[in-house]
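# Close look at the chain arrangement
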Amino acid sequence: MKITVHSSKAVKPCYADGAAPAPGTKNVVPLTVFDKANFDTYISVIYAFRPPSPSNAALEAGLGRVLAEYREWAGRLGVDDATTNNNNKRNRRAILLTDEGARFVEATADVTLDSVMPLTPTPEVLSLHPSGDDKELMLIQVTRFACGSMVIGFTTQHIVADGRATNNFFLAWSQATRGVPLHPVPVHDRDDACFFSPRHPPMVEFQHRGVEFIKPSCNKHSTSSSSDDDVDRHADGEVVIQKVHFTREFISKLKSQAGAQQQQHRPYSTLQCVVGHLWRCMTTARGLDARRPTSVAIAVDGRARMSPPVPEGYAGNVVLWARPTAKAGDLVARPLQHAVELIHREVARVNDRYFKSFLDFACSGAVEEEGLVPAADASEMVLSPDVEVDSWLRIPFYDLDFGGGRPFFFMPSYLPVEGLLILLPSFVGDGSVDAYVPLFSRDMDTFKNCCYNMDS
């Protein structure tokens, strides 16, 4: 597959009256504590559409219109000068609404899309989206294939928005291209006093040092407590990504097995059962020392969990993480129900009280005074013995429609971070789930042998 780039330009916001924003419009948006606690990195996803599809000119025009509503994606990261030297606080990072634009790339492929489907998470797919340059916050590539099919690759800065908010922008772009009202209506106010105001007096009920924030010298994946053999096994190696497809029937069996002796009335969720199963399989494949603690970090969306709830259309980050932990030997020796119950309990714990406790701690000044940094570290390429989970199961990626119908395929791009597990609904649309599992190549055969084994 040869990709040829024909044009690359910055698309700027196109305001309805042809003028700039009204005088007095705020041009600096300080990052919230949720933005600053998230991963400071670029994330890329890929959509595939069958013909017919709108022209590149129509897509570009729609992008200009939607950027007038989502100005942050046409801006740049910088510093809020108004808060510099204010009460001796450090410079506050902010989104500068400069209207410099989002990158729009037009390209063609020399093959039909069917000849390379299904796309797999390998370095080859990197050619289907632009790479981030640490300046532009949104980069888009439209690639036309010889058969008339279209692939759209997005690269976005995670610190600007979480998965749900970013997908809301994608939906809004498709709606603007079709000329229909935006839904959900975007909510851009990141002022702490609006949704994320700390309590007075603060009430820090949970531990956040060493959880969301750590000392710069702290290594979350330190191997000091493991055996020398364990250190040597995970010192280096090639990371490969295996796409695993779990049918609806297989997931039903997982749920049945996990809930066989369940005392609660509400059944375990698909997320909890699939993650519990994969956590055990990945731990088995890694061959960890039985005494080694292993945790799984699961992103939890706070929109509906906080009280009052944060609007669905909120355009920033509202994510914290649940972190169930177990000894490796205990995790794999005990039945699936044990892992799923650990996950269920920890996810439930990240509730309104936890989110507000986090807010109170993050806004207390302790982070700055103690020199703490976010535990979410995008530079980590090996997470073993731990696992991080990005669940996209409830994000409506397949609602994207530019006028020619919904995508028939969606996937994350190639991201070889050992242990970074991504879950999404299968494009088949029957309730099945696709999991993208990155492990060292030496561990992958063992993983494949147990991932479809109900007795693992």
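Model, not experiment: these values are computed from the prediction.

Turning our eyes to something else, we now look at empty space enclosed by the protein. Counting across every chain of the model gives 1 cavity of 30 Å³ or more. By volume, the largest cavity amounts to about 70 Å³. Lining of the largest cavity is provided by Pro121, Ile241, Pro412, Ser413, Leu415, Leu420, Ile422, Tyr436 and Pro438. Secondary-structure elements contributing two or more residues to the lining of the largest cavity are strand S17 (420–425) and strand S18 (433–440).

Looking now at the environment of Asp114. Tracing the backbone through its elements, the reader meets Asp114 in the loop between strand S6 (102–109) and strand S7 (138–144). Taking the relative accessible area as the measure of exposure, Asp114 reaches 48% and is therefore partly exposed. When the C-alpha positions of Asp114 and Cys147 are compared, they lie 8.4 Å apart, and in sequence the two are 33 residues distant. A distance of 2.7 Å separates polar atoms of two side chains, one belonging to Asp114 and the other to Arg50.

Turning our attention to the sheet that holds strand S1 (residues 3–11). The strand order across the open sheet formed by 6 strands is S1-S6-S7-S8-S3-S16, and the pairing between neighbours is mixed. Of all strands in the sheet, those bounded by a partner on one side alone are S1 and strand S16 (409–412). Adjacent strand axes in the sheet meet at a mean angle of 15 degrees when their direction is disregarded. Of the strand pairs in this sheet, S1 and S6 are connected by 8 bridges, and their pairing is antiparallel. Its bridge partner lying in S6, Ser8 is registered against Val105. Together, S1, S6, S7 and strand S8 (150–157) form the strand contacts of helix H2 (residues 56–67), whose direction differs from that of S6 by roughly 165 degrees. Taken strand by strand, helix H3 (residues 163–178) contacts strand S3 (42–49), S6, S7 and S8, and its axis lies near 140 degrees from that of S8.

Tracing the backbone shows Asp443 in helix H11 (residues 441–451). In sequence terms Asp443 and Thr284 are 159 residues apart; their C-alpha atoms lie 9.0 Å from each other.

Moving on to the pairing of S7. Taken across its 7 residues, S7 has 7 buried, putting it largely inside the fold. Residues of S7 alternate between two faces, with Met138, Ile140, Val142 and Arg144 on one and Leu139, Gln141 and Thr143 on the opposite face, all of them buried. Pairing geometry for S6 and S7, over 6 bridges, is parallel. Residue Arg103 lies in a different strand from S7, and its bridge partner there is Leu139. Pairing of S7 with S8 involves 7 bridges; the strand directions are antiparallel. Paired with Leu139 across the strands is Thr155, a residue of S8. Hairpin connection between S7 and S8: a loop of 5 residues separates the two successive antiparallel strands, and Gly148 in this loop has a positive phi of roughly 100 degrees.

Below, the discussion takes up the packing of aromatic side chains. All chains considered together, the criterion is met by 29 aromatic pairs. When the ring of Tyr70 is compared with that of Phe169, the centres are 5.3 Å apart and the planes differ by 85 degrees; the resulting orientation is edge-to-face. Of this pair, Tyr70 sits in the loop between H2 and strand S4 (76–80) while Phe169 sits in helix H3, placing them 99 residues apart in sequence. Across this residue pair, the class does not change: Tyr70 and Phe169 are buried. Plain terms: the ring middles of Phe169 and Phe170 are 6.4 Å apart, the flat faces sit at 70 degrees to each other, and that makes the pair edge-to-face. Judged by relative accessible area, Phe169 falls into the buried class, the value being 0%. One Lys or Arg, Arg442, reaches over the ring of Phe440 and ends 4.4 Å from the middle of that ring.

Let us now look at the pattern of salt bridges. What the rule picks out here adds up to 22 salt bridges. For Glu60, the salt bridge is made with Lys9, and the minimal N-O distance between the two is 3.3 Å. Taken together, the residues Glu60 in helix H2 and Lys9 in strand S1 connect sequence positions 51 residues apart. Overall, the relative accessible area of 24% leaves Glu60 in the partly exposed class. Note that Asp301 and Arg303 form a salt bridge whose closest N and O atoms lie 3.0 Å from each other. You can call Arg303 buried: its relative accessible area is 4%. Each of Asp162, Arg164, Asp301 and Arg303 takes part in a single network of salt bridges with overlapping partners.

Okay, the confidence of the model for the protein next. Per-chain confidence: the protein averages 91 in pLDDT, with 90% of residues scoring 70 or above. In this model, residues 85–89 is a region of pLDDT below 50 whose contacts with residues beyond four sequence positions or in other chains number 0 contacts. Taken together, the stretch residues 222–234 has pLDDT below 50 and engages in 23 contacts with residues farther than four places along the chain or on a different chain.

With that settled, consider H2. Taking 1.5 Å per residue as the helical rise, H2 with its 12 residues ought to reach 16 Å, and the 16 Å between its terminal C-alpha atoms agrees with that figure. Within H2, the full set of buried residues consists of Asn56, Leu59, Gly62, Leu63, Gly64, Val66 and Leu67. Next to the buried residues of H2 lie S1, S6, S7, S8 and H3.

Before going further, it helps to spend a moment on the packing of helix H5 (residues 248–258) against helix H6 (residues 270–286). At a closest axis distance of 9 Å, the pairing of H5 and H6 adopts a crossing angle of 85 degrees. The pairing of H5 with H6 is recorded here as roughly perpendicular in orientation. Residue-level inspection shows Phe250, Ile251, Leu254, Lys255 and Ala258 of H5 in contact with H6, the latter providing Thr270, Cys273, Val274 and His277. A per-class count over the contact of H5 with H6 returns 6 nonpolar, 2 polar and 1 charged.

What counts and what doesn't
Residues numbered from 1 in each chain as written. Predicted model: local features only at pLDDT ≥ 70, side-chain atom pairs only at ≥ 80, totals over all residues. Heavy atoms only, no water. 1 Å grid on protein atoms, 1.4 Å probe; cavity = no way out; pocket = protein on both sides within 12 Å on 5 of 7 lines; lining within 4 Å. Points joined across faces, edges and corners; volume = space filled by probe spheres on them. Helix = DSSP H or I, 4+ residues; strand = E, 2+ residues; numbered from the N terminus. Buried < 20%, exposed > 50% of the residue type's maximum accessible area, 1.4 Å probe, protein only. Polar contact = N/O pair within 3.5 Å; in protein donor to acceptor, adjacent residues only side chain to side chain. Pairing = 2+ DSSP bridges. Axes fitted to C-alpha atoms, helices over the stretch in contact; angles between N-to-C directions. Contact = heavy atoms within 4.5 Å. Phe/Tyr/Trp six-rings, centres within 6.5 Å; stacked < 30°, edge-to-face > 60°. Lys NZ or Arg CZ within 6 Å of the ring centre and 35° of its normal. Salt bridge = Lys/Arg side-chain N within 4 Å of Asp/Glu carboxyl O. pLDDT = per-residue confidence, 0-100. Expected span 1.5 Å × (residues − 1). Parallel < 35°, antiparallel > 145°, perpendicular 65-115°, else oblique. Nonpolar A, V, L, I, M, F, W, Y, C, P; charged D, E, K, R; others polar.

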